[in-house]
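Spelled out from the first residue to the last, the chains are:
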Amino acid sequence: MVEVKVQQGWLSGELVETVTGDGKYYSFKGIPYAQPPVGKLRFKAPQPPLPWEGVRKATEHGPKSPQKCIFTEAIIPGSEDCLFLNVYSPDIMPASPLPVMVFIHGGGYKSGSGDDDNYGPDFLMPHGVILVTLNYRLEALGFLCLDTEEVPGNAGLKDQVAALRWVRDNIKSFGGDPNNVTVFGESAGGASTCLHIISPMSKGLFKKAVPMSGVPFCDWSVSFVPQKRAFMLGKDLGFETNDPNELLDFLQSVPVEKLVNPNPVVLSFEETNNNILKLYHFTPVVEKDFGKEHFLTEDPLEALKNKRINDVDILIGHTSEETTIGIHAFENNLLKHYNRYPELLVPRKILMKSTPEKILEISKVIHEYYFKGKPLQLENMREFVTYANHACFIYDINRFISHLPKVGNGRRYVYKFCCISNRNVYASSGIKYGIRGAAHLDDLMYLLNANTHNIKVEKDTKQYELINFVCKVFTNFAKHGNPTPDSSLGIIWPEYDNTTKAYVEIGDSLIPKTASEAEALEFWKSIFEYAGLEY
């Protein structure tokens, strides 16, 4: 047992050996970073954590936010009292303070946790960084928006800020440097990371950011009439009102299981759009400004254009075959669905702004570009995955990158993750269609140890080498704000700008390239122009 003191009291953790046998690290799990957001605190911004008496045991994860897992479809009851984080440190008494990496999990803002079933610290520990993983409130609990001062939205993102504040105030006790914090996240965690780059609330809490496979522009992250959706949630649960305060009282009184995986669609066509690629009901919103502390009161695109972002170094990118993770869903019903309703090919942000006639024209153009007139069926899976990669991730990520302003000294680096080994569990269902690459989440299989998958890591294997290589790239960035501070990885990583569009492929080695997917990005730009939307 090992004890450390944080502002709230004493914690007792443990010294653990890494799964690779590359050393030991200190593990402190289930640390409360805010008050339990229960009762009258449900849906509201988190409150500072309370102190405790004596020594608190920190050897088990805290409960997860109640959820339905988007991968297994299992209901995980969890607990509303879920605001816990985990700290893993290779050395709690280092000669000089260690860089800190804070990880934000994905899951469409509706599932996931910071636990080591998917996000264990073993691979990063030998690289001399501290890892912090965290839970935040999900779905309605974290993202209900009533447009009122009490519930303006984004409670789950404010949870993340509370965790970052806790790190700032306490990480020294674990050997960490509060002035060298990197926020990184994947999917909805990547989009969250982008929002921390923009949010005035997150300013000064971190120096570097790594948004992976997700930005706020992605269809699945975009909110639509969030207050109406909140009222629809009440209606679906049997309570009709036009008064947000009455609605709040009601929603604070329902058993929490009624708030797990609801389906408050506000337009009938949302039912057909209701799939893993396009629609999550409760997501980040632009808050009404009530003159109080707020997370986001400006559309992210406007914030970027007006250079209202935090001055941080950014490493941003995606995997080579993002949507192979969804092939089972495509096989089961999505392909048929998309074939039947052509407007599904059209991004939601265009559906919300265009006329039905224009939408059908646009869907025809997209269909022609990706499928050359062929129907959407299993034999065209390769084409569908390419379409979904572009439509759900790649063009939005590149759109975000192209608008990222230069403020202060912030550097910009862009990657495409292409490693292939037996660690690519999420891409495996693509192999029978001849699709090889790294799926959504496969990049994390090289950075964070996923106990769930139980893949043994043997020394002297390609996957062991790749794990060390990938961890080196990302921890270099966390340490120096540059993934290649010297030439030891074979290249000097070029900074991104909108002229060269330089990026680096992370595979068996680092390969500098320019203008990724240029033709497809031009195509999507033309679609936006035709729809009358800014790209």
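Here the structure is a predicted model, which means the values were calculated and not measured.

(A) Expanded view of the nonpolar core. Phe28, Tyr33, Val87, Phe174, Ile366, Tyr387 and Trp524 are the most contacted members of the largest nonpolar core, which has 123 residues in total. No other element matches helix H11 (residues 381–403), which puts 13 residues into this core. No fewer than three residues from each of domain 1 (2–138 + 149–215 + 290–310) and domain 2 (319–531) sit in this core. Ranked by size, the runner-up nonpolar core spans 47 residues in total, among them Leu131, Tyr426, Phe477 and Leu489.

(B) Seen up close, the UniProt feature "domain: Carboxylesterase type B" (unreviewed entry) in the chain. Per the UniProt annotation, the sites labelled "domain: Carboxylesterase type B" (unreviewed entry) are residues 3–524. The span residues 3–524 carries 28% helix and 16% strand; its end-to-end C-alpha distance comes to 54 Å.

(C) View of unusual backbone geometry. The phi angle at Asn454 is positive, at roughly 50°, despite the residue not being glycine. With respect to the helices and strands, Asn454 occurs in the loop between strand E13 (412–417) and helix H12 (462–480). Look at Asn454 and you get exposed, because its relative accessible area is 67%. Even without being glycine, Ala515 reaches a positive phi, approximately 50°. Residue position: Ala515 is located in the loop between strand E15 (510–514) and helix H13 (518–531).

(D) How the structure looks around the packing of helix H4 (residues 226–236) against helix H5 (residues 244–253). At a closest axis distance of 10 Å, the pairing of H4 and H5 adopts a crossing angle of 50°. In terms of orientation, H4 and H5 fall into the oblique class. In this structure, H4 crosses over H5, and the sense of that crossing is left-handed. Here H4 contributes Ala230, Phe231, Leu233 and Gly234 to the contact with H5, which in turn contributes Pro244, Leu247, Phe250 and Leu251. Here the contact of H4 with H5 is built from residues that sort into seven nonpolar, one polar and no charged.

(E) Focus on the packing of helix H2 (residues 155–170) against helix H3 (residues 188–198). One way to put it is that H2 packs onto H3 with a least axis distance of 11 Å and a crossing angle of 70°. By the criterion of interaxial angle, the relationship of H2 to H3 is roughly perpendicular. For the crossing formed where H2 meets H3, the hand is right-handed. Side by side, H2 and H3 meet where Leu157, Gln160, Val161 and Leu164 of the first sit next to Ser192, Leu195 and His196 of the second. In terms of residue class, the contact of H2 with H3 is built from four nonpolar, three polar and no charged.

(F) View of helix H10 (residues 356–371). An ideal rise of 1.5 Å per residue puts 22 Å on 16 residues; H10 measures up with 22 Å between its terminal C-alpha atoms. If you check which residues of H10 are buried, you get Ile359, Ile362, Ser363, Ile366, His367, Tyr370 and Phe371. Taken end-on, H10 shows its buried residues confined to a sector of 140°, consistent with a single buried face. Summarising the geometry of H10, the exposed residues directed more than 90 degrees from the buried face are Glu357 and Lys364. In this structure, the buried side of H10 is in contact with helix H9 (348–351), H11 and H13. With its phi angle positive at about 45°, Lys372 sits one or two positions after the end of H10.

(G) Structural view of empty space enclosed by the protein. In total, this model carries three cavities of 30 Å³ or more according to the counting rule given. Taken together, Phe143, Leu144, Cys145, Ser223, Phe224, Pro226, Arg229, Ala230, His281, Phe282, Thr283 and Val285 form the lining of the largest cavity. Considering every element that reaches the lining of the largest cavity, the biggest residue donor is H4, with three residues. Among the residues forming the lining of the largest cavity, the class breakdown is eight nonpolar, three polar and one charged. Of the voids in this model, the second largest cavity is the one considered here, and its volume is about 50 Å³. The wall of the second largest cavity is formed by Asp219, Leu277, Lys278, Tyr338, Leu344, Pro347, Tyr387, Ala391 and Cys392. Here the lining of the second largest cavity gets three residues from one element, more than from any other, and that element is H11. Of the residues in the lining of the second largest cavity, the class split is seven nonpolar, no polar and two charged.

(H) Structural view of the pairing of E15. Judged from the five bridges that link them, strand E14 (residues 502–506) and E15 form a sheet pairing that is antiparallel. Residue pairing for E15: Glu505 is matched across the bridge by Ile511. Hairpin connection from E14 to E15: three residues lie between these consecutive antiparallel strands.

(I) Summary view of the environment of Leu157. Residue position: Leu157 is located in helix H2. Measuring from C-alpha to C-alpha, the distance between Leu157 and Gly189 comes to 9.9 Å, with 32 residues separating the pair along the chain. Setting aside residues no more than four positions away along its own chain, Leu157 makes contact with Phe143, Ser192, Leu195, His196, Pro284 and Phe295.

(J) Inspection of the pattern of salt bridges at higher detail. Under the definition given, this model contains 28 salt bridges. A salt bridge links Asp249 to Lys40; the nearest nitrogen and oxygen atoms lie 3.3 Å apart. In this pair, Asp249 is assigned in helix H5 and Lys40 in the loop between strand E3 (24–32) and strand E4 (55–57), connecting sequence segments 209 residues apart. As a salt-bridge pair, Lys158 and Glu287 come within 3.2 Å of each other at their nearest N and O atoms.

(K) Local environment of the packing of aromatic side chains. One pass over the full model with this rule turns up 29 aromatic pairs. Ring centres of Phe28 and Phe174 lie 5.1 Å apart, and the angle between their planes is 75°; this geometry places the pair in the edge-to-face category. Here Phe28, found in strand E3, pairs with Phe174, found in the loop between H2 and strand E10 (176–186); they are 146 residues apart in sequence, far enough to count as distant. Measuring from centroid to centroid gives 6.3 Å for Tyr338 and Tyr387, while their planes differ by 65°, and the two rings are edge-to-face. Taken together, the residues span a long stretch of sequence, with Tyr338 in helix H8 (residues 327–340) and Tyr387 in helix H11 at a distance of 49 residues. Residue classification places Tyr387 among the buried residues on the basis of a relative accessible area of 2%. An aromatic cluster is defined as three or more aromatic residues linked by ring pairs; in this entry it consists of Phe330, Tyr338, Tyr369, Tyr370, Phe371, Phe384, Tyr387, Tyr395, Phe523, Trp524, Phe528 and Tyr535.

Scoring rules and cut-offs
Residues numbered from 1 in each chain as written. Predicted model: local features only at pLDDT ≥ 70, side-chain atom pairs only at ≥ 80, totals over all residues. Heavy atoms only, no water. Core = buried A, V, L, I, M, F, W, Y, C linked by side-chain atoms within 4.5 Å. Buried < 20%, exposed > 50% of the residue type's maximum accessible area, 1.4 Å probe, protein only. Helix = DSSP H or I, 4+ residues; strand = E, 2+ residues; numbered from the N terminus. Domains from an automatic or database assignment. UniProt positions renumbered as here; feature names shortened; annotations may be inferred. Axes fitted to C-alpha atoms, helices over the stretch in contact; angles between N-to-C directions. Parallel < 35°, antiparallel > 145°, perpendicular 65-115°, else oblique. Left-handed = near helix turned anticlockwise from the far one by under 90°. Contact = heavy atoms within 4.5 Å. Nonpolar A, V, L, I, M, F, W, Y, C, P; charged D, E, K, R; others polar. Expected span 1.5 Å × (residues − 1). Arc of directions from axis to C-beta. 1 Å grid on protein atoms, 1.4 Å probe; cavity = no way out; pocket = protein on both sides within 12 Å on 5 of 7 lines; lining within 4 Å. Points joined across faces, edges and corners; volume = space filled by probe spheres on them. Pairing = 2+ DSSP bridges. Salt bridge = Lys/Arg side-chain N within 4 Å of Asp/Glu carboxyl O. Phe/Tyr/Trp six-rings, centres within 6.5 Å; stacked < 30°, edge-to-face > 60°.

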